[in-house]
Amino acid sequence: MLSQAVSEAFAQAQREGEIPAFSLPPIVMEKPRQGTLGDYATAICLQVGRLAGLAPATLAHLIAKRIALTGPIGRVEVAGPGFINITLSASWLVRQVDEILAAGQSFGMVDAGKGLRVQVEYGSANPTGPLHVGFARNVVIGDTLANILAAAGYSVEREYYVNDAGTQMQLFGQSLYARYAQALGLDVPLPENGYQGQYLVEWGKEIAATAGRRYLDMPYEEAVAALTELGLKEKVLKGVQEDLSLLGVKYDNWFFERSLYASGTFEEAMALLRQRGYLEERDGAIWFLASRFGEDKDAVVIRSNGLPGYFASDIAYHYDKFVKRGFDVVVDVWGADHQGHVPRMKAVMAALGLDPERLHIVIYQLVTLKRGGEIIRISKRTGDLVTLRELLEEVGPDAVRYFLLSRAPDSQMEFDLELAARQTEENPVFYVQYAHARIASVLRLAQRTPLQPTDGDVSLLEHPSELNLIRQMIQLPEVICDAARDYAPHRLAYYAYELARSFHTFYRDCRILSSLPQEEALTKARLKLTLAAKLVLARVLALMGMSAPERM
RNA sequence: GCCCCAGUAGCUCAGCAGGACAGAGCAGCUGCCUUCUAAGCAGCGGGCCGCAGGUUCGAAUCCUGCCUGGGGUACCA
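Reference entry: report on the structure contained in this document. Because the structure is predicted, anything quoted here is derived from the model rather than measured.

## Observations regarding helix 7 (residues 198-211)
Count 3.6 residues to each turn of an α-helix, and residues three or four apart come out pointing the same way.
Phase 1 of the analysis: In a regular helix each residue adds 1.5 Å, so 14 residues correspond to 20 Å; helix 7 covers 20 Å between its end C-alpha atoms and thus fits that length.
Phase 2 of the analysis: Among the residues of helix 7, those classed as buried are Tyr199, Leu200, Val201, Trp203, Gly204, Ile207, Ala208 and Ala211.
Phase 3 of the analysis: Lining the buried residues of helix 7 we find helix 6 (167-183) and helix 8 (220-247).
Phase 4 of the analysis: Once helix 7 ends, the next one or two residues include Gly212, with phi positive near 65 degrees.

## Section: the protein's contact with RNA strand B
Phase 1 of the analysis: Around RNA strand B, a shell composed of 65 residues is seen, among which Gln34, Arg407, Tyr434, Arg438 and Arg485 lie nearest.
Phase 2 of the analysis: Note that a base nitrogen of RNA strand B is positioned 2.7 Å from one of the side-chain N or O atoms of Gln339.
Phase 3 of the analysis: For RNA strand B, a sugar or linking oxygen lies 2.8 Å from a polar atom in the backbone of Asp410.
Phase 4 of the analysis: Taken together, the elements giving at least two residues each to the surface near RNA strand B come down to helix 2 (44-52), strand 3 (83-88), helix 6, strand 14 (413-416), helix 16 (428-447) and helix 19 (490-509).
Phase 5 of the analysis: Looking at the surface near RNA strand B residue by residue, the classes come out as 25 nonpolar, 20 polar and 20 charged.

## Section: the packing of helix 4 (residues 90-103) against helix 17 (residues 464-473)
Phase 1 of the analysis: Interhelical geometry of helix 4 versus helix 17 gives an angle of 60 degrees and a closest axis separation of 10 Å. It follows that helix 4 is oblique to helix 17 by the angle criterion. Where helix 4 crosses over helix 17, the handedness of that crossing is left-handed. When helix 4 is examined against helix 17, the residues Ala90, Leu93, Val94, Gln96, Val97 and Ile100 are found in contact with a partner set consisting of Leu467, Ile470, Arg471 and Met473.
Phase 2 of the analysis: When its residues are assigned to classes, the contact of helix 4 with helix 17 shows 8 nonpolar, 1 polar and 1 charged.

## Focus: the packing of aromatic side chains
The geometry of an aromatic ring pair is captured by two quantities: the separation of the ring centres and the angle between the planes.
Phase 1 of the analysis: For the structure on display, the rule yields 19 aromatic pairs.
Phase 2 of the analysis: Above the face of the Phe327 ring, Arg117 is positioned so that its terminal group lies 4.4 Å from the ring centre.
Phase 3 of the analysis: When the ring centre of Phe311 is taken as reference, the NZ or CZ atom of Arg344 above it lies at 5.7 Å.

## Describing the sheet that holds strand 1 (residues 40-42)
Phase 1 of the analysis: Strand order in this open sheet of 3 strands is 1-3-2, and the pairing throughout is antiparallel. Either end of the sheet is taken by a strand with one partner, and the two such strands are strand 1 and strand 2 (73-79). Direction aside, neighbouring strands of the sheet carry axes that sit 20 degrees apart on average.
Phase 2 of the analysis: In this sheet, strand 3 lies alongside strand 1 in antiparallel orientation, the contact comprising 3 bridges. Among the inter-strand pairings, Ala41 is bridged to a residue of strand 3, identified as Asn85.
Phase 3 of the analysis: Contacts from helix 3 (residues 56-65) reach strand 2 and strand 3 within the one sheet, and its direction differs from that of strand 2 by about 165 degrees.

## Re unusual backbone geometry
Phase 1 of the analysis: The phi angle at Lys114 is positive, at roughly 50 degrees, despite the residue not being glycine.
Phase 2 of the analysis: By the element assignment, Lys114 lies in the loop between helix 4 and strand 4 (117-121).

## A few points about the side chain of Gln475
Phase 1 of the analysis: Note that Gln475 resides in the loop between helix 17 and helix 18 (476-486).
Phase 2 of the analysis: Under the relative-accessibility criterion, Gln475 is labelled buried at 11%.

## Comments concerning the sheet that holds strand 4
Phase 1 of the analysis: Here 5 strands make up an open sheet; going across it, the order is 6-5-4-10-11 and the pairing parallel. With partners counted over all chains shown, the strands left at the sheet margins are strand 6 (253-256) and strand 11 (359-364), one partner each. Neighbour-to-neighbour, the strand axes of the sheet open up by a mean angle of 25 degrees, direction not taken into account.
Phase 2 of the analysis: Both strand 4 and strand 10 (residues 329-335) contribute to a ladder of 4 bridges, which runs parallel. If you follow Val120 over to strand 10, its bridge partner there is Val331.
Phase 3 of the analysis: The sheet contacts of helix 12 (residues 342-351) involve strand 10 and strand 11, and relative to strand 11 the element is tilted by about 175 degrees.

## Examining the nonpolar core
A general tendency of soluble globular proteins is for nonpolar side chains to be buried together.
Phase 1 of the analysis: Phe10, Ile63, Ile470, Met473 and Met544 are the most contacted members of the largest nonpolar core, which has 150 residues in total.
Phase 2 of the analysis: Each residue touching Phe10, except ones within four places of it in the same chain, is listed here: Ile19, Phe22, Leu24, Ile44, Cys45, Val48, Leu59 and Ile63.
Phase 3 of the analysis: Membership of the second largest hydrophobic core comes to 37 residues, among which are Tyr317, Val342, Met345 and Leu354.

## Digging into the pattern of salt bridges
Phase 1 of the analysis: The tally for this structure, following the rule as stated, stands at 30 salt bridges.
Phase 2 of the analysis: Residue Arg282 is joined to Glu280 by a salt bridge in which the shortest nitrogen-to-oxygen separation is 2.9 Å.
Phase 3 of the analysis: Among the residues examined, Glu280 registers a relative accessible area of 33% and is labelled partly exposed.
Phase 4 of the analysis: Across the pair Glu466 and Arg526 runs a salt bridge whose closest N-O atoms are separated by 2.6 Å. Placement of the pair is Glu466 in helix 17 and Arg526 in helix 20 (residues 520-543), with a sequence separation of 60 residues. Each of the two residues, Glu466 as well as Arg526, counts as buried.
Phase 5 of the analysis: Salt bridges linked by common partners bring Glu157, Glu159, Asp320 and Arg325 together as one network.

## Side note on the packing of helix 6 against helix 8
Phase 1 of the analysis: Helix 8 packs onto helix 6 with a crossing angle of 95 degrees between their chain directions and a minimal axis gap of 8 Å. If you check the angle between helix 6 and helix 8, you find them roughly perpendicular. Contacts between helix 6 and helix 8 involve Met169, Phe172, Gly173, Gln174, Leu176, Tyr177 and Tyr180 from the first element and Tyr220, Ala223, Val224, Leu227, Thr228, Gly231, Leu232 and Val236 from the second.
Phase 2 of the analysis: Broken down by class, the residue content of the contact of helix 6 with helix 8 amounts to 11 nonpolar, 4 polar and no charged.

What counts and what doesn't
Residues numbered from 1 in each chain as written. Chains lettered and ligands numbered in written order. Predicted model: local features only at pLDDT ≥ 70, side-chain atom pairs only at ≥ 80, totals over all residues. Heavy atoms only, no water. Helix = DSSP H or I, 4+ residues; strand = E, 2+ residues; numbered from the N terminus. Expected span 1.5 Å × (residues − 1). Buried < 20%, exposed > 50% of the residue type's maximum accessible area, 1.4 Å probe, protein only. Contact = heavy atoms within 4.5 Å. Near = heavy atom within 4 Å. Polar contact = N/O pair within 3.5 Å; in protein donor to acceptor, adjacent residues only side chain to side chain. Nonpolar A, V, L, I, M, F, W, Y, C, P; charged D, E, K, R; others polar. Axes fitted to C-alpha atoms, helices over the stretch in contact; angles between N-to-C directions. Parallel < 35°, antiparallel > 145°, perpendicular 65-115°, else oblique. Left-handed = near helix turned anticlockwise from the far one by under 90°. Phe/Tyr/Trp six-rings, centres within 6.5 Å; stacked < 30°, edge-to-face > 60°. Lys NZ or Arg CZ within 6 Å of the ring centre and 35° of its normal. Pairing = 2+ DSSP bridges. Core = buried A, V, L, I, M, F, W, Y, C linked by side-chain atoms within 4.5 Å. Salt bridge = Lys/Arg side-chain N within 4 Å of Asp/Glu carboxyl O.

Here it is in structure tokens:
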């Protein structure tokens, strides 16, 4: 570690009495904006100049002198007001090509997570119809975050929470009943606030066709319950699973809200809160005393009609995650329309005697859909929506994922369907994939020669573009580390782009395949570099859930 | 009213646990395909980092206020 080398230099200077003893803040190594300033820089001397009683630049010289030129450290310089700039040694850099190939698929893995059990929950939405486009951002962020955390050394479990209880589910069932009855010629109106989407009309017809009048002969409540179940399992969730698999989104576990009530978990969680004195009855409802935790208002847990609200389920659900299943950390991915719910959930954590820090909620801003510059308004209940399926058919899963990943969750984004679907150089998705396809093409040609990429001698690599490509490749572990720490999946998209750029530049500057006998060794070395670049590029694409095409 | 997020190049966005002259893509303009994929490469132009204060040796980054946009503020989820 470079920061360690710097801190050792400090320790040495202190031992030698050159500078007074003081404790050093963490040394942050950063990448200077300008390439000419070296690969890494630290401003530590600017920060502690005062403590050392020296001008920052003087201190920097003292320290720089004591940094040993071993391992990755090729050159140490002092610049500006007291920065220490470190340049990686070329011989160390080229050896990393061998390291990368040796690491193979595990290249980039870090152990920041130390095996901590983390659950990532994403995609939870009312299962009352086909998935909507806005929802794509949720699952893409969640799925990618799970990939990142797994690569960062966490033990990850991915979960989909099915809200199969509550008011919306009931409305769904009643709406489906109405459509079903209508399909059989009865004049049953949709319930007030019912789901008006065309898909329910279709489902009603399908059920009428296969089940006939069976549900009409049952008591209404019973029929609605049966249709809710049928609609959920046979229609909604099947569609959801198909959509997710098209998008390449994976899950380990599907968790049903109703199971919280069936298993007694809900009662357990309530009993714990009551025992701790955080529940109170008021106006016929049961309230959670969020105000005890600095919230403006208390929140209703059980409504005066005796039914638990969504908040009740969420309390029980998180109790289940932490207490019953014992996750160390839980990450929830929620849309910005739920952000008001965050402080309440944090309060619940505290009320349950759990450290609120263990619950991390990633809030992403909502997506504005556009088509050719025009905003598309959406509403699920009126059925006026663009489905995820339509999006996937129009744009393709790779472009959807890359596009949604190329912005920080915090930033509001516009998704222009026309733009994303465009298969041209305007679309950065292809830039990254093209680099991979290009590599694959070169390697295919190499297969027709007797030259083996694995025979390459990396010490022959010395062109700036070669070294630059290696510099870029060895960033991956850091990128994964940062992305995991900050819950920032978009870093991958930017990294992938930079990596592709470095390859394209190398490709232009350095002829890989040469037929000249005297360049045979160099060709093998460059083939080896190319092979390693392919591996790293494929790793990033895989982390983003995208395909790495062999041809384009 | 109060709370959360954002405001950076013509457009879409990075950068924000303070650091060296502010970055990328797209769009615009120039060049580059008789040898590995031109979905590529190289270059040019383009910025009071929303506004005003403050903290600091140093602020796009931290603090305060204001302005603009989005979201929330229900016994809906």
